[in-house]
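What follows is the residue order along each chain.
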Amino acid sequence: MCRLALVVGLVLGCGCGAGDGPEDVGDACVEVGDALCERAAECGALSPAYTLEQCATVFWAGCCGDSGTCGKSVNIDGSEWATCIDDLGALACSNISADTIGLPGSCLRIDF
């Protein structure tokens, strides 16, 4: 799961947009991590060693905690953000494994 966090954390950068999404990188990482971990659990791809909370914490650390960028402000379009989070929740289980995840296109278009 740690590799999952690092892979996804590296895919998402720093950004711009048009408001009503998360206010900072930390909020964005929490929302993405929660959605990914919940979907991984639903698909049976969450390591038995992790609870949902531990999965989200590991994701958050790889996304912004380790780099110290969690407080960085972002301006992400709310409708694009909602689409990304919804798409993460509906991700095909075949796109999720313990080591990697195929992010939906709606999420790849968002930088933070």
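What counts, and where the lines are drawn
For every chain, the first residue of the written sequence is number 1, and numbering continues from 1 onward in sequence order. Whole-chain, interface and lining totals are the exception, using all residues; otherwise, since this is a predicted model, local features are given only for residues with pLDDT of at least 70 and side-chain atom pairs are given and counted only at 80 or more. Side-chain measures were taken over the full set of non-hydrogen atoms in the model, leaving aside hydrogen atoms and water. Side-chain atoms within 4.5 Å link the members of a nonpolar core, which is a set of buried Ala, Val, Leu, Ile, Met, Phe, Trp, Tyr and Cys residues. Here's how the labels work: a residue is buried when its accessible area is under 20% of the maximum for its type, exposed when over 50%, partly exposed in between, all with a 1.4 Å probe on protein chains only. In this description a helix means any DSSP run of H or I spanning at least four residues, a strand means any run of E spanning at least two, and both kinds are numbered starting from the N terminus. Counting of polar contacts relies on pairs of N or O atoms within 3.5 Å, with two restrictions inside protein: one atom must be capable of donating a hydrogen and the other of accepting it, and residues adjacent in sequence are counted only when both atoms are side-chain atoms. Pairs of residues are marked as contacts when any of their non-hydrogen atoms sit within 4.5 Å. Every residue is assigned a pLDDT by the predictor, reflecting its confidence on a scale from 0 to 100.

Caption draft 1: Up close: the nonpolar core. Grouped together as the largest cluster of nonpolar side chains are 28 residues, with contacts concentrated most on C29, V32, L36, W81, L88 and F112. Within the residue set of this core, elements represented by two or more residues are α2 (25-42), α3 (52-65) and α4 (78-89). Among the elements that line this core, the one with the most residues is α2, at 8 residues.

Caption draft 2: A look at the side chain of S106. Within the element layout of this structure, S106 appears in helix α5 (residues 105-108). Side-chain polar atoms of S106 contact the side chain of D87, separated by 2.6 Å. Beyond its immediate sequence surroundings of up to four residues, S106 is in contact with T83, C84 and D87.

Caption draft 3: Just the confidence of the model for the protein, in detail. Mean pLDDT over the protein works out to 82, with 81% of the residues at or above the 70 mark. The least confident element of the protein is helix α1 (residues 2-11), whose mean pLDDT is 40; the most confident is α4, at 95. Contacts of residues 1-18 to residues separated by more than four positions or lying in other chains number 47 contacts, the stretch itself having pLDDT below 50.

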